[in-house]
Every structure is written in structure tokens, then in C-alpha cells.
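# A structural walkthrough
In case you want the letters, here they are:
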Amino acid sequence: VYEGPARLVESSDDFGRIRQGDVLVTRMTSPYFNVVLPMLGAIVTDRGGQLCHAAIVAREYGIPGIVGTRDATRTIRDGDRVRVDGTTGEVHLLG
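Definitions and limits used
- Residues numbered from 1 in each chain as written.
- Predicted model: local features only at pLDDT ≥ 70, side-chain atom pairs only at ≥ 80, totals over all residues.
- Heavy atoms only, no water.
- Phe/Tyr/Trp six-rings, centres within 6.5 Å; stacked < 30°, edge-to-face > 60°.
- Buried < 20%, exposed > 50% of the residue type's maximum accessible area, 1.4 Å probe, protein only.
- Salt bridge = Lys/Arg side-chain N within 4 Å of Asp/Glu carboxyl O.
- Helix = DSSP H or I, 4+ residues; strand = E, 2+ residues; numbered from the N terminus.
- Core = buried A, V, L, I, M, F, W, Y, C linked by side-chain atoms within 4.5 Å.
- Contact = heavy atoms within 4.5 Å.

Below, the discussion takes up the packing of aromatic side chains. Following the criterion strictly, the structure yields 3 aromatic pairs and no others. On the numbers, 4.9 Å between centres and 35 degrees between planes, the contact of Tyr32 with Phe33 is tilted. Since its relative accessible area comes to 43%, Tyr32 is described here as partly exposed. Here the aromatic cluster, defined as three or more aromatic residues joined through ring pairs, consists of Phe15, Tyr32 and Phe33.

Structural data, given as C-alpha cells:
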């Protein structure tokens, strides 16, 4: 479980806004996201499954990761405080 500020990322152009401990919220990840992964507290994606890039790197880095939400990028705003529970697969908006 991790709580932190959501950072909405649409493309690599947004990487400069990511700070240590942010929760990455994006449509999906790919290897070009690897440069920011060590900074993240958690990952939340709209698309993906057990073997997608985001799920694999979340396990490798030992951080909560929730993939396949379908609408995280529409319901979570940049800067929102969120709680990501990788065990239950739940994301809670805290404010």
C-alpha cells in the first residue's frame, strides 16, 4: 500500500514533472518509462494485464501497481492524493 500525489503522464514530455514518490497515472507504460521508474511510489494504468510492462516493473521494483483500470486517467487528476493498494487492486482518492 502506498499513498502519494498522482502524476498524470500522457507522454515522455511529462517526465520532467515527476518527483520522487509520485504515483504514476497513465494509459499504459512501455520501456521508455524505465528512466522514471526508480522515482515512483506506485503505478496505476488504464490498460494492461498480469504480463504487461507496468505489472512486471511494479513487481520488479516492489511497488504497488494496478493495471487495467480503464478510466484512471479520466477520474484521477494530476496532483490528487491517492492510496494504491496492490494487494486488493484498489485506488482510493484521498483529496
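What follows covers the pattern of salt bridges. Pairs can form between side chains of opposite charge once their charged atoms are near each other. Tallying each qualifying case throughout the model produces 6 salt bridges. In this structure, Asp22 and Arg7 form a salt bridge, with 3.0 Å as the shortest nitrogen-oxygen distance. Taken together, the residues span a long stretch of sequence, with Asp22 in the loop between strand 1 (2–8) and strand 2 (23–26) and Arg7 in strand 1 at a distance of 15 residues. Considered together, Asp22 and Arg7 belong to a single accessibility category, that of buried residues. Between Asp78 and Arg17 there is a salt bridge; the shortest N-O distance is 3.1 Å. Placement of the pair is Asp78 in the loop between helix 2 (72–75) and strand 5 (81–85) and Arg17 in the loop between strand 1 and strand 2, with a sequence separation of 61 residues. Among the residues examined, Asp78 registers a relative accessible area of 36% and is labelled partly exposed.

Bringing the nonpolar core into the picture now. Counting 15 residues, the largest nonpolar core has Val9, Phe15, Ile18, Leu24, Phe33, Leu40 and Ile43 as the members making the most contacts within it. Among the elements that line this core, the one with the most residues is helix 1 (residues 53–61), at 4 residues. Residue contacts for Leu40: discarding those within four places in its chain leaves Ile18, Asp22, Leu24 and Ile63.

Remember that the coordinates give geometry; whether it matters functionally is a separate question.
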